[in-house]
Amino acid sequence: MIIAEQKPLSEIEEMLADCHKVMVAGCGTCVTVCFAGGEKEVGLLASALRMARELKGQPLETLERTLHRQCEWEFVDPVKAELEGIDAILSLGCGVGVQALSERLPGVRVLPALNTKFMGLPLEQGVWSERCAGCGDCVLDLTGGICPIARCSKSLLNGPCGGSASGKCEISPDVDCGWQLIYDRLESLGRLDLMEEPIPPKDWSYARDGGPRRIVREDLRLGQ
Ligand code: SF4
Ligand code: SF4
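Teacher, can you tell me more about the site of ligand 1 here?
In the vicinity of ligand 1, the contacting residues are C132, A133, G134, C135, C138, V139, L140, C147, I149 and A150. Across the shell around ligand 1, the residue classes break down as nine nonpolar, one polar and no charged.

Would you explain the sheet that holds strand β3 (residues 61–67) in this entry?
Sheets are built from strands that pair by backbone hydrogen bonding, the pairs being arranged parallel or antiparallel. Taking strand neighbours across the sheet as the criterion, the four strands line up as β3-β2-β4-β5 in an open arrangement whose pairing is parallel. Edge positions in the open sheet fall to β3 and β5 (109–112), since each of these has one partner strand only. Strand-to-strand twist across the sheet, computed as the mean angle between neighbouring axes with direction ignored, equals 25°. Here strand β2 (residues 21–27) pairs with strand β4 (residues 88–91) via four bridges, running parallel. Following the sheet pairing, A25 is matched in β4 by S91.

Could you clarify how one ought to interpret the pairing of β5 in this entry?
Remember that side chains alternate between the two faces of the sheet whenever the strand is regular. Residues V110 and P112 line the buried face of β5, whereas the alternating positions R109 and L111 sit on a face that is not buried. Note: β4 against β5, four bridges, orientation parallel. Each residue of the ladder has a partner; that of A88, found in β5, is R109. In terms of handedness, the path from β4 via helix α5 (residues 95–104) over to β5 forms a crossover that is right-handed.

Can you walk me through the site of ligand 2 in this structure?
The local shell around ligand 2 holds 14 residues, among which C152, G159, C161, C169 and C177 are the closest. For the shell around ligand 2, the residue count by class is seven nonpolar, five polar and two charged.

Would you explain the nonpolar core in this entry?
Nonpolar side chains in soluble globular proteins tend to end up buried together. By size, the foremost hydrophobic cluster in this structure holds 35 residues, and its most contacted members are V24, V31 and L92. For this core, the secondary-structure elements that each account for two or more residues are β1 (2–6), β2, α2 (30–33), α3 (39–55), β4 and α5. Setting aside chain neighbours within four positions, we find V31 in contact with A4, A36, G37, G38, L92, G93, C94 and L114.

For this particular structure, what's the right way to read the sheet that holds strand β6 (residues 114–124)?
The three strands lie next to each other as β1-β6-β7, forming an open sheet whose pairing is antiparallel. Either end of the sheet is taken by a strand with one partner, and the two such strands are β1 and β7 (127–132). The mean angle between the axes of side-by-side strands here comes to 70°, regardless of whether they run parallel or antiparallel. Of the strand pairs in this sheet, β6 and β7 are connected by five bridges, and their pairing is antiparallel. Following the sheet pairing, L121 is matched in β7 by S129.

Teacher, can you tell me more about the environment of G145 here?
When you line up the elements, G145 lands in the loop between β7 and α6 (148–151). Separated by 44 residues in the primary sequence, G145 and L189 place their C-alpha atoms 11 Å from one another. Leave out the neighbours within four places in its chain, and G145 touches L140 and R185.

Which parts of the structure should I look at to understand the domain arrangement of the protein?
Put simply, an interface is often sized by how much accessible area is lost when its parts join up. Per the domain assignment, the segments making up the protein are domain 1 (2–118) and domain 2 (133–210). Each of domain 1 and domain 2 has a C-alpha centre, and the two are 37 Å apart.

Would you mind showing me how to read α5 here?
One turn of the α-helix equals 3.6 residues, which is why residues spaced by three or four share an orientation. Taken as a whole, α5 has its buried residues at G97, V98, A100 and L101. Buried residues of α5, seen end-on, are gathered within an arc of 165° and therefore sit on one face of the element. For α5, the secondary structure elements touched by its buried residues are β2, α4 (73–76), β4 and β5.

Here is what the cut-offs are and how they apply
Residues numbered from 1 in each chain as written. Chains lettered and ligands numbered in written order. Predicted model: local features only at pLDDT ≥ 70, side-chain atom pairs only at ≥ 80, totals over all residues. Near = placed C-beta within 6 Å. Nonpolar A, V, L, I, M, F, W, Y, C, P; charged D, E, K, R; others polar. Pairing = 2+ DSSP bridges. Helix = DSSP H or I, 4+ residues; strand = E, 2+ residues; numbered from the N terminus. Axes fitted to C-alpha atoms, helices over the stretch in contact; angles between N-to-C directions. Buried ≥ 20, exposed ≤ 12 C-beta atoms within 10 Å, placed from the backbone. Right-handed = clockwise from strand over helix to strand, strands pointing away. Core = buried A, V, L, I, M, F, W, Y, C linked by C-beta atoms within 7 Å. Contact = placed C-beta atoms within 7 Å. Domains from an automatic or database assignment. Arc of directions from axis to C-beta.

In structure tokens, the structure reads:
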């Protein structure tokens, strides 16, 4: 899922400095699961903002809404009817949610309350870890199911580098060396032979380096 975390309250307050009434909009999917932008966080943030503004003698009116998903028009469209008198929408969705609201609701400012961090998973309560960098051409079949792009600090396709020591990455003793993880996994699978097969250079045009990406599935398009 997409992992995000809330921006500092002072930064959000600054964004809303000229607003008198805002819609605080959560999203019911990834950011709810990672406790950054669900219904509960919407309530807490709206309340904190109202209190902060009350203390400054500049009251802020908030309308709280949590969309099922901010990244699909069918859940965004109903918001149109509620924008009367709203100065801005403060989105607690990921960066995709913020942009979806902006694209679909062009007459209103949409501001981000979260910093979108990465695609990852929860390791334990309160700990999330990156797992995929969306490179567009997955090589997990060659690396024992452990991503060299997201989990090696240098995104090496043929690691480890000379900085790997005692299973840790040279950037920090707290960071596992991705290539040590790959080696251990391949060893446990009896597939260390894959370590001896160089992975060919990647075509990075499938990743962000190729510009904004788009998938078109003709079989799913209406009228096909
Ligand atoms: S190889 Fe690419 S698509 Fe596969 S997990 Fe890593 S970043 Fe994601
Ligand atoms: S120590 Fe391991 S994870 Fe760190 S950059 Fe080198 S190969 Fe990648």
